[in-house]
Amino acid sequence: MAVEAVPVRIGILGMGTVGQGTVRVLQRNAGEISRRVGREIKVVHAAVRNPARLQGLRLDARISADPWAVVRDPEVDVLVEVMGGTGLARDLLLEAISRGKHVVTANKALLAEQGNAIFSAAQQQGVMVAFEAAVAGAIPIIKAIREGLAGNRIHWLAGIINGTSNYILTQMYREGWTFSRALAMAQELGYAEADPGLDVDGGDAAHKITLMASIAFGIPVDSFHCHVEGIRHLEAEDVAFAAELGYRIKLLGIARRRPEGVELRVHPALVPASHLLASVEGPFNAILVDSDAAGQSLYYGRGAGGDPTASAVVADLVDVARTMTADPSNRVPHLAFQPDALSNLPILPMGDVESAYYLRIRAENRPGVLAQVATVLAEHGISIEALIQRERASAESVPVVLLLHRCREGSLDEALGRISALPVVHPSVLRLRVESLAEG
Ligand code: NDP
Ligand code: HSE
């Protein structure tokens, strides 16, 4: 095979976990990549704030402390943005696009919050903005939804899409670690965001499910209306109660198309212990897609870390290198659907969501309490499927765990307002959704 003499020239912003991983994978697999593309992919310019980041990389490229120097470098054909943030990174990306450069980014926060403007600028300039690495690390889920399932009407997707949270929940369940010990280890292993609050409070998963919802349903990117709950408030006893009831607790991102709009939500949920998603552990991610022709398909792999994320960045570089000379109108649209064919389905309020629920109530340790709770639920048309109440002779309050049949979240909210006001109940009632993940 003749490999063309002219390489595709890459400029890279950020040399942290993902930046270093990208350089390593490009170097390690240079021969395989050239055989696939027909050209070499070469990093010619890198923005590096801290030169210590280059140790051990043998990077034969211009190095600048100023990221603008990379963006403005006429020798850079494709910009790889792996520095993160939504301010400077946006300005740099838009500048690169205005100069006709293609962009590959792992920055889900930026795309989920400002993707519409970025994709529209790229559309006008006829350049690509590729973002496989922004969702679920090494799993090629963007390609799977946008291209592999292009013949389907997608009903819903549900995913474990934050490696840090899944690692923490796994360590709490398997090893009995505290939340803070597990988080510190996730940071040391390079899974966590620079601000780990994004991981454990659900924001990172919200960015990812927002991007997937857009390409699954052909709607504009709208992370602002995504409902977000994290895992900080979970206690070890909830993990244990869930197991006793036959469930595992997972932080899920869920997007579901309904005739009247789209459910878009991130929250911890109970999933049946026998379901494949329940066995996704550690920093691994998995996304379950339910669509009309394919039925259910499951995508599993490493969701975070240097090399796994670099796998996606480099795959995007290969895609860009292969199609950069093609007529822009023949490329896969950024959001899978033609830009003038996006739908304006609204994001639905949580009150309209229907689900089964887990409640953990702390109640006074005396007769009749349960009857009061059950009465309020019954008055809102909500029925109880299972119940755990631990007798603790000496304790003043006891945890009462209820598994509820499916109901409208709005009705449950009203019932919970009344239950938490009962004098015999502690006001902090924990409510988790239960997802059966059944087909359809
Ligand atoms: P890191 O914090 O490890 O690396 C970011 C790098 O960008 C650092 O080297 C930092 O410099 C550099 N940087 C930041 N601002 C500037 C600036 N103004 N000028 C020059 N360099 C700058 O982050 P990650 O590699 O983990 O993440 C990068 C992006 O990839 C983020 O958008 C993240 O959300 C995304 N991502 C990360 C994954 C992961 O597993 N880590 C997985 C998927 C996506 P310095 O060395 O001085 O700190
Ligand atoms: N912090 C993210 C996670 C990195 O833990 O999943 C991958 O996007």
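Reading guide: rules and limits
Each chain has its residues counted from 1, running along the sequence as written. Working convention: letters from A go to chains and numbers from 1 go to ligands, in the order in which they are written. pLDDT decides what is reported in this predicted model: residues at 70 or higher carry local features, side-chain atom pairs at 80 or more are listed and counted, and totals for whole chains, interfaces and linings draw on all residues regardless. Hydrogens are left out, water is left out, and the side-chain values use all remaining heavy atoms of the structure. Between the rings of Phe, Tyr and Trp (Trp by its six-membered ring), a pair exists once the centres lie within 6.5 Å; its type follows the angle of the planes, with under 30 degrees stacked, over 60 edge-to-face, and the other angles tilted. The numbering of helices and of strands both runs from the N terminus, where a helix is a DSSP run of H or I of at least 4 residues and a strand a run of E of at least 2. Whether a residue is buried, partly exposed or exposed follows from its accessible area with a 1.4 Å probe, protein chains only, as a fraction of its type maximum: under 20%, in between, or over 50%, in that order. Residues are counted as near a molecule or strand when any one of their heavy atoms sits within 4 Å of it. We call two N or O atoms a polar contact when they sit within 3.5 Å, provided that within protein one can donate a hydrogen and the other can accept it, with sequence-adjacent residues counted only if both atoms are side-chain atoms. Of the grid points, spaced at 1 Å and generated over the protein atoms alone, those admitting a 1.4 Å probe that cannot get out make up cavities, while open sets with protein on both sides within 12 Å along at least five of seven lines make up pockets; any residue with an atom within 4 Å of a point is treated as lining. Pocket or cavity membership: a molecule qualifies when more than half of its atoms sit within 2 Å of the grid points of that site. Whether two strands pair depends on DSSP finding at least two bridges between them. The path from the first strand over the helix to the second decides the hand: if it runs clockwise while the strands point away from the viewer, the crossover is right-handed. Definition used in this section: a nonpolar core is a set of buried Ala, Val, Leu, Ile, Met, Phe, Trp, Tyr and Cys residues joined via side-chain atoms within 4.5 Å. The contact criterion used throughout is that any non-hydrogen atoms of two residues lie within 4.5 Å. Every accessible area reported is derived by Shrake-Rupley at a probe size of 1.4 Å, with residue values counting cover from the shown protein chains alone. Gly is put with the polar residues, along with every residue not named as nonpolar or charged; the nonpolar set is Ala, Val, Leu, Ile, Met, Phe, Trp, Tyr, Cys and Pro, and the charged set is Asp, Glu, Lys and Arg.

1. Observations concerning the packing of aromatic side chains
Moving on, step 1. Within the structure shown, the criterion is met by three aromatic pairs.
Moving on, step 2. With a centroid separation of 5.5 Å and 45 degrees between ring planes, the pair formed by phenylalanine 119 and phenylalanine 131 is classed as tilted. On the criterion of sequence distance, the pair formed by phenylalanine 119 in helix H5 (residues 108-125) and phenylalanine 131 in the loop between strand E6 (129-130) and helix H6 (141-148) is long-range, its members being 12 residues apart.
Moving on, step 3. Judged by relative accessible area, which is 1%, phenylalanine 131 ranks as buried.
Moving on, step 4. For the ring pair phenylalanine 284 and tyrosine 300, a centre distance of 5.2 Å and an interplane angle of 5 degrees mean the geometry is stacked. In this pair, phenylalanine 284 is assigned in strand E11 (residues 284-291) and tyrosine 300 in strand E12 (residues 295-302), connecting sequence segments 16 residues apart.

2. Description of the site of ligand 1
Moving on, step 1. Every one of the 22 residues lining ligand 1 counts as a neighbour, but Thr17, Val18, Arg53, Glu193 and Gly305 are closest to it.
Moving on, step 2. Note that an oxygen atom of ligand 1 is positioned 2.6 Å from one of the side-chain N or O atoms of arginine 53.
Moving on, step 3. Contact between ligand 1 and lysine 108: an oxygen atom at 3.3 Å from a side-chain N or O atom of the residue.
Moving on, step 4. Because more than half of its atoms lie within 2 Å of the grid, ligand 1 is assigned to the largest pocket.

3. Quick notes on the pairing of strand E4 (residues 78-81)
Moving on, step 1. Every second residue of E4 is oriented toward a common face, with Val78 and Val80 on one face and Leu79 and Glu81 on the other, all of them buried.
Moving on, step 2. Sheet topology places E4 next to strand E5 (residues 102-105); four bridges connect them, and they run parallel. Residue pairing for E5: leucine 79 is matched across the bridge by valine 103.
Moving on, step 3. For the handedness criterion, the β-α-β arrangement of E4, helix H4 (residues 88-98) and E5 is classed as right-handed.

4. Topic: the nonpolar core
Moving on, step 1. Within the largest apolar cluster, 84 residues are counted, with the highest numbers of intra-cluster contacts made by Ile141, Leu157, Ile209, Met212, Leu270, Ile287 and Tyr358.
Moving on, step 2. Per-element accounting of this core gives the leading share, nine residues, to helix H10 (residues 203-217).
Moving on, step 3. Apart from the residues within four sequence positions on either side, isoleucine 209 is in contact with Leu157, Ile161, Cys226, Gly253, Ile254, Ala255, Leu264, Arg265 and Val266.
Moving on, step 4. Counting residues in hydrophobic clusters, the runner-up holds 33 residues, among them Ile10, Ile12, Val37 and Val314.

5. Details of the site of ligand 2
Moving on, step 1. Residues in contact with ligand 2, as listed here, are Lys108, Asn162, Gly163, Thr164, Tyr191, Ala192, Glu193, Asp199, Asp204, Lys208, Gly303 and Ala304.
Moving on, step 2. Separating an oxygen atom of ligand 2 from a side-chain N or O atom of threonine 164 is a distance of 2.6 Å.
Moving on, step 3. Within the side chain of aspartate 199, an N or O atom sits 2.7 Å from a nitrogen atom of ligand 2.
Moving on, step 4. Surface burial for ligand 2 is 94%, taken as the share of its 250 Å² of free accessible area covered by protein chains.
Moving on, step 5. If you map ligand 2 onto the pockets, it falls in the largest pocket.
Moving on, step 6. Residue assignment for the shell around ligand 2 shows that the elements contributing at least two residues are helix H7 (163-174) and H10.
Moving on, step 7. Considering only residue class, the shell around ligand 2 consists of three nonpolar, four polar and five charged.

By themselves, these observations are geometric and do not establish any function.
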